[in-house]
Amino acid sequence: MFKSNIPEGPLEKKWEEYKGHVKLVNPANKRSLEIIIIGTGLAGASAAAALGELGYKVKTFCFQDSPRRAHSIAAQGGINAAKNYQNDGDSTFRLFYDTIKGGDYRARESNVHRLAEVSANIIDQCVAQGVPFAREYGGLLSNRSFGGTQVQRTFYAAGQTGQQLLIGAYQALERQIALGNVQMYSRHEMLEVVTIDGKARGIIARNLVTGELEKHFGHAVLLCSGGYGNVFYLSTNAMGSNVTAAWKAHRKGAYFGNPCFTQIHPTCIPVTGDHQSKLTLMSESLRNDGRIWVPKQKDDSRRPNDIPEEERDYYLERRYPAFGNLVPRDVASRAAKERCDAGYGVGSSKQAVYLDYASAIDRYGKIECRKHGNENPSAEDIRKHGMEVVKEKYGNLFDMYAKITGEDPYNTPMRIYPAVHYTMGGLWVDYELMTTVPGLYALGEANFSDHGANRLGASALMQGLADGYFVIPYTIGNYLADEIRTKAIPTSHPAFEEAEKNVAARLQQLKNINGTQSPESFHKRLGKIMWDKCGMARNEAGLKEAIAEIRALKAEFWRDLRVTGEIAEFNPELDKAGRVADFIELGELMCQDALQRRESCGGHFREEMQTEEGEAKRDDDNFRFMAAS
């Protein structure tokens, strides 16, 4: 059993008691302690800014050309916080309970309660940074609903909340860089964790512009490198998002928790062909006002606006009346797949359902007309005012859909279908966010702890900023307080030399295969295996087939890979090859984990374990634990 280091006492008192008794590092000692941070998304940027502000010497690394290009920038819909601005019954406990329930009771309760406690502080912090959250007419911050809840607790900035939050964290990070408290290494990729006497003491990074390997010492290493959804090839993640940093830590002794828990987001633009390299998310916030439906008639080829109301099946409202279109993501995704598999799908591929805004436009239009004193508005007036409201709330999302599909979502319902989005699994961490390797931490999506088997919408941004701004500044001090006598270890130490040698040898091995197939081709084949047999639905036979196929693909990869270019230069093909090699190994582990977990919960749906109504059937007696590999 791992030691989780969860404090004693009542759940609601654990974090307060921990903060009151945790070891501290005085300011003078902080100046001599070095911390390495991998990743500059919300978790990484906020952690670097907070730790730099405290006086630690921080080095932060990202493979992008700027911290602002971290994938957190792509988050759209919002960030949760238990401020109860709507006076609709929300509370810290309600946020905690919704998160635990939404994760199918597979998250660590102590971590989730802490997350709910600090959520309100996040909003205050971001407002102070100038994040332009949407506001009501009177000036108060606005909220909207997200799936899996019956309250409005999601703060947002139109459909670009992640971008605005990241800019806020980036500004705080840049201030610390200007003050000299943080050193920024962009276009650098971590390829190894260096351990000395069992503790994480640094990294080996590759300069992606020159190809040079670099050695960096740190008293502690923080992995804030995001999730691994790109193991499926097609996902809503940025194409550069990868598992390499976390996987290198895993290979160094950090256990991986619940790798099979993958979230399939129900609100994505459907696949249009084999040419695609990624998928586009349409924010869950659209389900706040949009209605999801399919025709009641199978294989109905009529245009959506030609299908009368009585011939439409609003299947989420029919099956889940308490939550309607705002059911949790795993439920909405499986329901869409079930309707399409049953022959009710729409579009040319028949692998899509409609997301319709006609009712919202009509509702908002009537409200706005009354505001203007128009008691008997025409249909044109109602539509005009209704579209103005929808444009204000969701305009950039509608514009994005129109640019990608060539269709006007104001006049024709959007077509959506589930796609891989977020990974709830990740490196196992204790209450202090430390992995099983002392001195090695994992924050945000890179760890497993807060979302169980299914993440509720608008909780990813909350966890990233909570871990970076409000958790790690306390917990890392508990470890570093015992490291103040440890002097900076020179990178000429044999452990650094050996790690660098091993990284160089692996790069050379990839280059020397000199086969015929590109890294991209292997990635695409791996993704198809994973989606077909470890995607929205899994079964024993399919998972066993997937494991065998991935092993065969791995052997073929190391036999027939072709990497063009040279090692000691800018070489995206070499970078991609290393990442695909790690994805292949991860894919096998995910399938093994999914095979072992003989239950359905959240994003993990075993076809053998479902109710008569086709819902997920948990097995709390045998699988209430988290799996670590």
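Up top is the structure.
This text gives an overview of the structure that appears in the document.

Reading the values: rules and limits
Residues numbered from 1 in each chain as written. Predicted model: local features only at pLDDT ≥ 70, side-chain atom pairs only at ≥ 80, totals over all residues. Heavy atoms only, no water. Patch = residues over 30% accessible without salt bridge, like charges linked within 9 Å, V, L, I, M, F, W, Y side chains within 5 Å. Areas by Shrake-Rupley, 256 points an atom, 1.4 Å probe, with all protein chains shown as cover. Salt bridge = Lys/Arg side-chain N within 4 Å of Asp/Glu carboxyl O. Helix = DSSP H or I, 4+ residues; strand = E, 2+ residues; numbered from the N terminus. Contact = heavy atoms within 4.5 Å. Buried < 20%, exposed > 50% of the residue type's maximum accessible area, 1.4 Å probe, protein only. Pairing = 2+ DSSP bridges. Axes fitted to C-alpha atoms, helices over the stretch in contact; angles between N-to-C directions. Expected span 1.5 Å × (residues − 1). Arc of directions from axis to C-beta.

**A closer look at a nonpolar patch on the surface**
(1) Moving on: A contiguous nonpolar surface patch, about 300 Å² in accessible area, is contributed by Phe93, Tyr97 and Tyr105.
(2) Moving on: Looking at the element boundaries, tyrosine 97 is found in helix 4 (residues 92-102).

**Regarding the side chain of asparagine 111**
(1) Moving on: Relative to the elements of secondary structure, asparagine 111 occurs in helix 5 (residues 109-129).
(2) Moving on: Those residues in contact with asparagine 111, other than ones at most four positions away along the chain, are Asp430, Tyr431, Leu433, Ser449 and Asp450.

**Considerations on the pattern of salt bridges**
(1) Moving on: Inspection of every chain in the model, using the stated rule, returns 53 salt bridges.
(2) Moving on: The closest approach of N and O atoms between aspartate 532 and lysine 528, which form a salt bridge, is 2.9 Å. Taken together, the positions of aspartate 532 and lysine 528, both in helix 14 (residues 519-534) and 4 residues apart, correspond to about one turn of that helix.
(3) Moving on: A relative accessible area of 43% places aspartate 532 in the partly exposed class.

**Considering the sheet that holds strand 17 (residues 440-442)**
(1) Moving on: One open sheet accounts for 5 strands, arranged 5-2-1-9-17; its pairing is parallel. Each edge of the open sheet is held by one strand with a lone partner, namely strand 5 (182-185) and strand 17. Neighbouring strand axes in the sheet, compared pairwise and without regard to direction, differ in orientation by 20 degrees on average.
(2) Moving on: Of the strand pairs in this sheet, strand 1 (residues 34-38) and strand 2 (residues 57-61) are connected by 5 bridges, and their pairing is parallel. Its bridge partner being in strand 2, glutamate 34 is matched across the sheet by lysine 57.

**Points about helix 13 (residues 494-512)**
(1) Moving on: With 19 residues, helix 13 should reach 27 Å at 1.5 Å per residue; the first-to-last C-alpha distance of 26 Å fits that figure.
(2) Moving on: Regarding helix 13, the residues found buried are Ala495, Phe496, Ala499, Glu500, Val503, Leu507, Leu510 and Lys511. Viewed end-on, helix 13 has its buried residues packed into an arc of 150 degrees, placing them on one side of the element. Exposed and oriented more than 90 degrees from the buried face of helix 13 are Pro494, Lys501 and Asn512.
(3) Moving on: Those residues of helix 13 that are buried are in contact with strand 6 (188-196), strand 7 (199-207), strand 8 (213-217), helix 15 (540-560) and helix 16 (572-596).

The values reported here are purely geometric and, on their own, carry no functional implication.
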